[in-house]
Amino acid sequence: MNYKTNIGLEIHVQLKTKSKMFCGCDNNAEGKEPNTVVCPICAGYPGVLPVANKQAIEWTIKTALALNCKIAKYSKFDRKHYFYPDLPKNYQISQYDLPFSNHGFLEIESGENPPAGGKKIHIRRVHLEEDAGKLLHPEGRDDSLVDLNRAGTPLMEVVTEPNITSPGEAKQFLQDLRIILRYLEVSDADMEKGHLRCDANISIRKENEKELGIPVEIKNMNSFKMVEKALVYEEKRQKELLEDKEKVERETRGWIDTKGITVSQRGKEEAPDYRYFPEPDLPPFKFSDKYIADLKNNLPELPAEREKRFIKELKINHKDAKNLVSDRLLADFYEEVIAQKADPQKAANWVLVEMLGRLNKKGLDITQNRILPTELAALIKKIESKEISGTIAKEIFEEMFESGKAVPDIIKEKGLKLLTDETSLNKIVQKIIQENFRVVCDYKKGKVAALQFLIGLVMRETKGQANPNTIKKLLEEKLR
Ligand SMILES: [Zn+2]
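Numbers given for residues are sequential positions, taken from 1 along each chain in its written order. Per-residue local features are limited, in this predicted model, to residues with pLDDT of at least 70; the limit for side-chain atom pairs, both in listing and counting, is 80 or more; totals at the level of whole chains, interfaces and linings are taken over all residues. The side-chain figures draw on all heavy atoms in the structure; neither hydrogens nor water molecules are used.

Trainee: In this structure, what is going on with the overall build of the protein? I would like to understand it.
Mentor: Where helices and strands are cited, they refer to DSSP runs of H or I of at least four residues and of E of at least two residues respectively, numbered from the N terminus. When you go through the protein residue by residue, the secondary structure sums to 15 helices and 16 strands. In terms of overall dimensions, the protein is more spread out than a globule: its C-alpha atoms have a radius of gyration of 30 Å, far above the 23 Å expected for 480 residues. Taking the principal axes of its C-alpha atoms as reference, the protein extends roughly 95 × 55 × 55 Å. Throughout, exposure labels follow a simple rule: accessible area from a 1.4 Å probe, protein chains only, divided by the maximum for the residue type, with under 20% read as buried, over 50% as exposed, and the rest as partly exposed. Split into buried and exposed, the 480 residues of the protein put 45% on the buried side. Two things to know: the radius of gyration comes from C-alpha atoms, and the globule rule equals 2.2 Å times the number of residues to the power 0.38.

So, in C-alpha cells, the structure goes:
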C-alpha cells in the first residue's frame, strides 16, 4: 500500500527587539543571572498594565509581508489560558481569531531535482505573542526552579498549512525561513539557542484517500536535523500502525534525540480548552493601507530575488547563487568584490571555495573574515591580466586570509615576483626540453597534451612564479 504524508509546522521565532513584548525589561537575557531581567508586568503581578512593543508588531508584519501574507487591517491580542509553573499570570497574551496576517506562501526548492520555480508552502498565519519563563532542573536537586528572564519575550509564530509532503521539505522550509528572518534582521534565528523553535504535526493517509489522516504533534526538536529525523521516525511509525490496521492516536509526542524515537506526552488540546477572550488591557489595532504599503516598500531584497538577480545579471551558476545568498553578509561581501569589476563567476569560486571553505574549516563565520573585498578583487584581476600565476595567487590568498594584508604588501614581503626575464626562462625551457626527449617526440607526433606537460615542468622549476603564457610561447619557439 502506498501512503501520502502531510506535515504542517508551527514555528516560534524569538524577536530580537531591545525590550520585551509588553514591558520595558531588557529583551537580551542571555548569560544573565536567573530572575534579574524581570518587572511586575512580565512577572505577572495582578493589576499591572501591558503596553505593546511597536517594533515587535512592525517586525511581525514585515515578516508576514516577506512571506506573501495578507495583512489584517484590524487586529487584536487575546488571552490564552493555561496553567504552567513558568507562566505566573496563568494566561499568555497571544492572538486568536484576528491575527496580524494570514494566507501567505513561501516557495522552496527541495530534493535533488526541485521543480522549476519551487514548490509553494502555504502559510496559514503569522501572529505575535509573548513567551513564558523557563523551568530549570539543576542536578543534585529534587525540585525545579523557575527563571522568569524569558517571560514576556516577543514571540512571533509562523504557522504553515499541512501541504508539506516530506520530512526533507519540512527541513528545507525551516532553513529558507531562517535565511529570510536573518535578511529582515528580526531574529538571530539560531535553533540551537532556542531563537527558533519548531513543532510539527504529521499525518499519514492511504494514497487513494482524500481526507488527511489523524495528525500527531511532535515537540522538542532543537535543530533542523532533529526535525527531519523525528518526522522520518514518525512517518514510519504511523505507516506501520496503519499497515497493522491500528489507529493513530491524536496526541502530542516528544522527540527523544538520544534514543531516536518519539514518545507520547499528552492528548492534544483544542482551542476551546484555552478559553480565549480578547485581552481587555490592550485596545485593538487598525493598520492603514499606507502603513502597510510603507513597510512593504522598505523590505530589503529577499534571498529568492537576490538569487534570481545573481543568475540573470551576473550569469553565475544556480548553485553558487543559492549558496551566496544563503547568508546575507556573505552575499554582501561578494557584491563588494564584484563592484570592483572582478569577474563574477571567478569571484564566486574564490568566495565560496577558498574563503568560505577556510572559514568553515576553522569554525569561523563571515563576520570573522579578515580579507577585504577590494583586495580579493585585486587578486582576481592580477590573475586575469596574467601578472601572477594560479599558484602564486593561492599563496597570496592564504596570507591574506590569515593576516588581512593587502596584495601588493604580501607580494613585496614574500619577495614574490613574476619571472618575466626571458633569458633566464629560456635557460630553464632549454633544460626541460633536453631532459624530456620522449615527451618532445610525442609533441612532434601531434600530441597536444605533451606541451601542457612540459609547461607544467617549467612551472614547477620556477616555483610557479613564471607567467604560463610566456612559458608556452618560449616552449613553442624552441620546439619549432
Ligand atoms: Zn518586565
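Trainee: What exactly am I supposed to notice about the domain arrangement of the protein here?
Mentor: A common measure of how large an interface is: the accessible area buried when the components associate. Domain delimitation in this document rests on an assignment produced automatically or drawn from a domain database. Here the protein is partitioned into domain 1 (3-291), domain 2 (301-413) and domain 3 (422-479). The contact criterion used is simple: two residues touch if any of their non-hydrogen atoms lie within 4.5 Å. Facing 8 residues of domain 1, the contacting portion of domain 2 comprises 12 residues. Ranking the residues of domain 1 by area buried against domain 2 places E109, I179 and Y183 at the top, with a combined share of 73%. What makes a salt bridge here is a side-chain nitrogen of Lys or Arg within 4 Å of a carboxyl oxygen of Asp or Glu, nothing more. Here domain 1 is connected to domain 2 by 2 salt bridges. E109 is paired through a salt bridge with K322; the nearest N and O atoms lie 3.5 Å apart. Buried area: the accessible surface (1.4 Å probe) lost by two parts on joining, summed over both.

Trainee: Any chance you could explain the coordination of the zinc ion here in plain terms?
Mentor: Under ideal tetrahedral coordination, the four donors around a metal are separated by 109.5 degrees; under ideal octahedral coordination, the six donors are separated by 90 or 180 degrees. Donor criterion used throughout: N, O or S atom within 2.8 Å of the metal, extended to 3.2 Å for Na, K and Ca. Water excluded; incomplete-looking sites may result. Only C23 (SG), C25 (SG), C39 (SG) and C42 (SG) from the protein coordinate the zinc ion, and they sit 2.3 to 2.4 Å from it. For the zinc ion, the donor residues sit on a single chain with the sequence spacing C-x1-C-x13-C-x2-C. A residue pair is termed long-range when its members are at least 10 positions apart, and C25 in the loop between β1 (3-14) and α1 (54-66) and C39 in the loop between β1 and α1 qualify at 14 residues. Judged by its relative accessible area of 12%, C25 falls in the buried class.

Trainee: Even after reading the chapter, I still don't get the environment of Q368, so can you show me in this structure?
Mentor: Mapped onto the elements of the fold, Q368 is located in the loop between α8 (344-361) and α9 (373-384). Q368 gets classed as partly exposed once you look at its relative accessible area, which sits at 41%. A polar contact of 2.8 Å, which involves the side chain of Q368, links it to the backbone nitrogen of D365. Pairs of N or O atoms within 3.5 Å make up the polar contacts considered here, provided that, within protein, one atom can donate a hydrogen while the other can accept it, and that residues adjacent in sequence are counted only when both atoms are side-chain atoms.

Trainee: Explain the pairing of β1 to me, please; I cannot follow it from the model alone.
Mentor: On a regular strand, one side chain projects to one face of the sheet and the next to the other, so that they alternate. Most of β1 sits out of view: 10 of its 12 residues are buried. If DSSP finds at least two bridges between two strands, the strands pair. Looking at chain direction, β1 and strand β11 (residues 196-206) are connected through 11 bridges and run antiparallel. The residue of β11 that forms the bridge with G8 is N201. Bridging between β1 and strand β10 (residues 154-160) involves 5 bridges; their strand directions are antiparallel.

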